[in-house]
Amino acid sequence: MKIRSKTFIITGLISAIFISCTYFLAYQNTLTIISLTIIFFFTLFFSVLTLLIKPIEKLNQDMAREISANPLIKQTVNVRHLNEISSITNKFNRIMESIEAINDMNEKRINEITQEFHDKNRYLEQEISVQLRANKMIDKKFTQFEHHDNVTSLPNGIFFNEILNKAISYAKRRNQFLAVLIINLDAFKVVNETLGQENSNLVLKEMGKRFTNILRKEDVLAKLEGDEFIVLLSDISKPKFASMVAEKLLNVCLQLLMVDTHEFKLTASIGISIYPHDGNSLEELIKNADRALFKAKQAGGNNYQFYAEEIHVEALEYIQLESALRKAIHNNELVIYYQPKFRIKTGSIMGVESLMRWEHPVLGIVSPVKFIPLAEDSGLIMQIGEWALREACQRIKYWQNEGYEHVSIALKISPKQFHHPEIIKTIEKVFTHYNINPKYIELEIAEQTIMENIDLSSNILEKIKAIGVQISIDHFGKGYTSINYLKKFPISTIKIDRDYIKGIPNHPNDLAITSAIIALAHNLGLEVVAEGVETAEQIQFLSRHECDIVQGYFLGHPVSAQKIANQLKKIQESVLV
């Protein structure tokens, strides 16, 4: 039944009862009528409240609660009245069901859209990654194109200038030399006209490979325009070192070239500038190297020229001397002189120091101070050092056959020889060949050489000692060897540097240092050799402080093997002091 029908019936019924009661009580007092009226209105209010207001409030509360508690509205409102409110409730629930269905559809669509978005996002990320890699490759190719020559793939002039600027700054901070060499292929225009552009490019590529193969890893080779190359030699010990590199560059040019069916040789001209002699900036060094190249061209090609004339003269002499030194080994121009070493208590010769000399057919006697550094720079030091060790072994064997078994030979080992990876194999090979007791050979290594790399030096010394060779530290007092390291090195002797001996007896500091070194060595169980002894006062001082062995011009100059043999006969049992 509809709510308005119920309302009419109940209101009519209450009104009829009220009228009947009023008529029946018409004759009652006024108070009774008033009371009946109040009861009537309360009854009417309660009926309206029960039938209409409360269901509406409940519907309102249920809707508010469900809507606020359930954003997606998945519940329905439960109001059970068979009236218009129930109808409203049913309609509301149907609306909610529709909204819920729509929400489900929307949620499903949102999930589909989200998944689609994620898929597209992943695709875009992949595309972006691929594009970034492509861009990097393009940038790399562009950078390579920008900084490298497209024919030889060598660095170009732009890249070379960047490296040269950095190298100049580095050399300036460390007070070092560097060299710039500009190489121009002689008569390359004829090659180009004869063979054509494509074959000419093959020639340039081949020359680039040849130049690269003879340079050090730290050097830089670049290709300039046309048929020119440029080289940076970093951290060179002497300016004349560049001349050795230039000689090698010229020699590889002269090697036979085969292009297509053509065989031919090329020559080159090289201009050299040196930092800091010929300039302190990139512009100055390149300009002056180019001027030196012009001089080389004027001289007929197939040569190199330094910008500074005095350096060119020095370098030319250096190259000529290096070439002569190579021949000297084969021509037996190297000879060994021996300086006697005396045991100070007995005055007898206990050994000799081997001193190499070069008897040049034109220059005469060349000092080792001059040619040993040359041998180190040119790579001849190992060959010369092995020759000297063989000579010493032969001499020991000869002297032992003559009855001088107590005489030992000391040889100096240069820094590059000591650090050469083949030093141990070379020593072992020589002793195996001559079959002599290694204890009669003593190797003298400069203190500064040992201190360059403590761990490496200690390892090398241990291996030398294992062979049986005696080891002494030369020029002791100049390298500031730590006492802690000194006691760990497998050495038997230390040689006091001649500069301290020179100050005896007039310089108190030299006296104090010399006596302290002797005491230190003896406490460590080592013998002490004083070299450079030139006066009787020095002998007396060293004797008083119990120095073991002395050598110097006062006692004997370096002489040939035959003269040493004569001295052995005369002085072997003599008393020196």
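What counts, and where the lines are drawn
- Residues numbered from 1 in each chain as written.
- Predicted model: local features only at pLDDT ≥ 70, side-chain atom pairs only at ≥ 80, totals over all residues.
- Heavy atoms only, no water.
- 1 Å grid on protein atoms, 1.4 Å probe; cavity = no way out; pocket = protein on both sides within 12 Å on 5 of 7 lines; lining within 4 Å.
- Points joined across faces, edges and corners; volume = space filled by probe spheres on them.
- Nonpolar A, V, L, I, M, F, W, Y, C, P; charged D, E, K, R; others polar.
- Helix = DSSP H or I, 4+ residues; strand = E, 2+ residues; numbered from the N terminus.
- Salt bridge = Lys/Arg side-chain N within 4 Å of Asp/Glu carboxyl O.
- Buried < 20%, exposed > 50% of the residue type's maximum accessible area, 1.4 Å probe, protein only.
- Contact = heavy atoms within 4.5 Å.
- Pairing = 2+ DSSP bridges.
- Axes fitted to C-alpha atoms, helices over the stretch in contact; angles between N-to-C directions.
- Parallel < 35°, antiparallel > 145°, perpendicular 65-115°, else oblique.
- Expected span 1.5 Å × (residues − 1).
- Phe/Tyr/Trp six-rings, centres within 6.5 Å; stacked < 30°, edge-to-face > 60°.
- Lys NZ or Arg CZ within 6 Å of the ring centre and 35° of its normal.

**Q** Lay out the layout of surface pockets in plain terms, naming residues and giving numbers.
**A** The space that makes up the largest pocket amounts to roughly 1100 Å³. Forming the walls of the largest pocket are 47 residues, and the residues nearest its centre are E353, L355, P368, K412 and D474. Here the residues of the lining of the largest pocket are counted per class, giving 22 nonpolar, 13 polar and 12 charged. One number sums up the size of the second largest pocket: a volume of about 380 Å³. As for the second largest pocket, its lining consists of 18 residues, of which R216, F241, E376, D377 and K416 are closest to the centre. Elements with a minimum of two residues in the lining of the second largest pocket: β3 (228-236), α7 (241-253), α10 (368-378) and α11 (381-401). When residues in the lining of the second largest pocket are grouped by element, the largest group, 4 residues, is from α7.

**Q** Tell me about the pattern of salt bridges, residues and numbers included.
**A** Taken as a whole and assessed by the stated rule, the structure comprises 16 salt bridges. Two residues, K429 and E386, come together in a salt bridge whose shortest N-O distance is 3.3 Å. On the criterion of sequence distance, the pair formed by K429 in helix α13 (residues 423-434) and E386 in helix α11 is long-range, its members being 43 residues apart. A residue is classified by how much of its surface remains accessible, and K429, at 43% relative accessible area, is partly exposed. For K412, the salt bridge identified is with E444, shortest N-O distance 3.2 Å. With K412 in strand β11 (residues 408-413) and E444 in strand β12 (residues 441-446), this residue pair connects regions lying 32 residues apart in the sequence. Each of E353, K412, E444, D474, K495, R498 and E531 takes part in a single network of salt bridges with overlapping partners.

**Q** Which residues make up the environment of F306, and what values go with them?
**A** Tracing the backbone through its elements, the reader meets F306 in strand β7 (residues 303-306). When its relative accessible area of 0% is taken as the criterion, F306 is described as buried. Sequence-wise, F306 and A242 are 64 residues apart; in three dimensions their C-alpha atoms are separated by 9.2 Å. Apart from residues lying up to four places away in sequence, F306 is in contact with P239, A242, S243, I272, I274, A292, K295, I311, H312 and A315.

**Q** Describe the sheet that holds β7, naming the residues involved and giving the relevant values.
**A** Pairing is mixed in the open sheet, where 5 strands are placed in the order β2-β3-β1-β6-β7. On the outer flanks of this sheet lie β2 (220-223) and β7, each paired with one strand and no other. Sheet twist, expressed as the average angle between the axes of neighbouring strands with direction ignored, equals 20 degrees. On top of the sheet, helix α4 (residues 157-174) reaches β1 (177-185), β2, β3 and β6 (268-275); it is set at about 20 degrees to β3, its chief contact.

**Q** Kindly report on the pairing of strand β9 (residues 348-360), identifying the contributing residues and their values.
**A** Summarising burial for β9: 12 of the 13 residues are buried, a large majority. Relative to β9, strand β8 (residues 334-343) runs antiparallel, the two being bridged by 10 bridges. The residue of β9 that forms the bridge with P340 is V352. In this structure, the hairpin formed by β8 and β9 is closed by a connection of 4 residues, where G347 is found at a positive phi of approximately 80 degrees.

**Q** Give a description of the packing of α13 against helix α15 (residues 454-467) that names residues and reports values.
**A** Helix-helix packing is described using two parameters, namely the angle between the two axes and the distance between the axes. At their nearest, the axes of α13 and α15 sit 10 Å apart, and the two run at 10 degrees to each other. The angle between α13 and α15 falls in the class roughly parallel. Together, I423, I424, I427, E428 and F431 of α13 and I460, K463, I464 and I467 of α15 make up the contact between the two elements. Of the residues belonging to the contact of α13 with α15, the class tally is 7 nonpolar, no polar and 2 charged.

**Q** Please provide a residue-by-residue account of α15, values included.
**A** Taking 1.5 Å as the rise per residue, α15 with 14 residues should run 20 Å; its terminal C-alpha atoms sit 20 Å apart, in good agreement. Lining the buried residues of α15 we find α12 (415-418), α13, β12, α14 (447-451), β13 (470-476) and α16 (483-486). The first or second residue beyond α15 is G468, which carries a positive phi of 110 degrees.

**Q** Tell me what's going on with the packing of aromatic side chains, and back it up with residues and numbers.
**A** Taken as a whole, this structure holds 4 aromatic pairs when the rule is applied. Between F211 and F229, the aromatic rings sit 5.2 Å apart at their centres with planes inclined by 85 degrees, giving edge-to-face as the arrangement. Separated by 18 residues along the polypeptide, F211 in helix α6 (residues 197-214) and F229 in strand β3 bring together distant segments of the chain. Take F211: its relative accessible area is 0%, and that puts it in the buried class. Measuring from ring centre to ring centre gives 6.1 Å for Y304 and F306, while their planes differ by 80 degrees; the resulting arrangement is edge-to-face. Looking at Y304, the relative accessible area reads 5%, which means it is buried. The ring of F229 carries the charged tip of K223 above its face, separated from the ring centre by 5.8 Å.

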